Amino acid sequence: MAEPPAVIWKHEVQRLLQYGDLVPRLEEALGKFSTRDSAEVIQPVRNILPLQKHHGFLGSMPTYMENDGVLCTKLVCFYHRDAGSALPATQATVILLDPEYGNVKAVIDGEEVTGMRTAAVSAISAKLLMRPGAEVLAILGTGKQALTHYHIFTEMFPFKEVRVWSRTSQGAERFCRSVGGPVRACVSVEEAVRGADAIVTVTGSTEPVLFGRWVKAGAHVAAVGACRPNWRELDDALMKEAVVYSDSRDGAMQESGDVILSGVQVFAELGEVINGTKSAHREKTTVFKSLGMGVEDAVAAQLVFDGWKAQTGPPGGV
Ligand SMILES: NC(=O)C1=CN([C@@H]2O[C@H](COP(=O)(O)OP(=O)(O)OC[C@H]3O[C@@H](n4cnc5c(N)ncnc54)[C@H](O)[C@@H]3O)[C@@H](O)[C@H]2O)C=CC1
Ligand SMILES: O=C([O-])C1=[NH+]CCC1
């Protein structure tokens, strides 16, 4: 009979998941995903169930990595919240299964996994697509994703200046106090992004907040919010000016309002750049449209589970 599942919650995930391990695993997994080899990764575009009464969605995100023996699914609820709502915008749980027996091995808090793997993939996009010598980072939004993006971007790149914008001055000030590092609050999006080399959009907006006329030619934009076909964060001018990359081309064509409504084509998946089958146009303005993929949760969950097993020892002791 199978062991009961491990339940690994937020504080343990925070202790067990480190960007130093996560980033190389994600790079490898993005590359595998883009080979479309079913023995490497099977991962359909997430299935979405609308929660109309609550202005939200339940996404189920299964992934099977046959060669790595990883079977996983994430359940994620995400919402369009009114300003001032105290309710969370995103809640997630990751379930790791044994692919041979079918039993659940671990139930893992998905909040930290989602925060870290999303920021790590955006940082990978910047590593591949941002111009060398980038000095100024701008972050639009001051929620959970803003925080994880701040930490990994300032850890991986030597920015001289970091700016942040929020809808409210209290939001921006709270963010500046919480990061424990240098950052300047800006009163408008334009002030935050003018002259920036890298821009991260992590808002709950359903309308464009970032306009192409403010974006410096050659800047790199990691666009993380607006994960529904009728939601936007970027305007048409920016989408049409930029070379557009995504985590999943199919995901972007089904879920990204910025891609679908602007009518642009996704030039490449990050995995294709990693595999060397598509170019990294660092010299041009680039947009990485992130939707989030189950394979990213799967590699993060496997890292957490491996760390948890190493600390607890084999089932039943030695
Ligand atoms: N691409 C991906 O893999 C993932 C994307 N997301 C998306 O990223 C976005 C941010 O997620 P979290 O940080 O978890 O949410 P959060 O609720 O913690 O933060 C959202 C931020 O956006 C701001 N905001 C909300 N509505 C806005 C509007 N109309 N205009 C400007 N700013 C607005 C809020 O004030 C807050 O600063 C959401 O759209 C979420 O669905 C979340 C997880 C993964
Ligand atoms: O990949 C993910 O977890 C999500 N993408 C959009 C909202 C949540």
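The rules behind these values
Residues numbered from 1 in each chain as written. Chains lettered and ligands numbered in written order. Predicted model: local features only at pLDDT ≥ 70, side-chain atom pairs only at ≥ 80, totals over all residues. Heavy atoms only, no water. Near = heavy atom within 4 Å. Polar contact = N/O pair within 3.5 Å; in protein donor to acceptor, adjacent residues only side chain to side chain. Areas by Shrake-Rupley, 256 points an atom, 1.4 Å probe, with all protein chains shown as cover. Buried < 20%, exposed > 50% of the residue type's maximum accessible area, 1.4 Å probe, protein only. Helix = DSSP H or I, 4+ residues; strand = E, 2+ residues; numbered from the N terminus. Arc of directions from axis to C-beta. Contact = heavy atoms within 4.5 Å. Pairing = 2+ DSSP bridges. Right-handed = clockwise from strand over helix to strand, strands pointing away.

Caption draft 1: Molecular detail of the site of ligand 2. If you check the shell around ligand 2, you find Arg-46, Met-61, Lys-74, Val-76, Phe-78, Thr-114, Arg-117, Cys-227, Leu-291 and Gly-292 and nothing else. The contact in question runs from an oxygen atom of ligand 2 to an N or O atom on the side chain of Lys-74, over 2.6 Å. Leu-291 is positioned such that a nitrogen or oxygen atom in its backbone is 3.0 Å from a nitrogen atom of ligand 2. Protein chains bury 91% of the 250 Å² of accessible surface belonging to ligand 2 in isolation.

Caption draft 2: Focus on helix H5 (residues 169-179). Buried within H5 we find Gly-171, Ala-172, Phe-175 and Val-179. Seen end-on, H5 carries its buried residues on one side only, within an arc spanning 95 degrees. For H5, the exposed residues set more than 90 degrees away from the buried face come down to Arg-174 and Arg-177. Residues of H5 that are buried sit in contact with helix H4 (144-156), strand S8 (161-165) and strand S9 (184-186). Where H5 ends, the next residue or the one after it, Gly-180, has phi of about 70 degrees, a positive value.

Caption draft 3: Region of interest: the pairing of strand S7 (residues 136-140). Of all the five residues making up S7, five are buried; the element is thus mostly covered by neighbouring parts of the structure. The side-chain alternation of S7 yields two buried faces, one formed by Val-136, Ala-138 and Leu-140 and the other by Leu-137 and Ile-139. Here five bridges tie S7 to S8, and the two strands are oriented parallel to one another. The residue of S8 that forms the bridge with Leu-137 is Val-162. For the handedness criterion, the β-α-β arrangement of S7, H4 and S8 is classed as right-handed.

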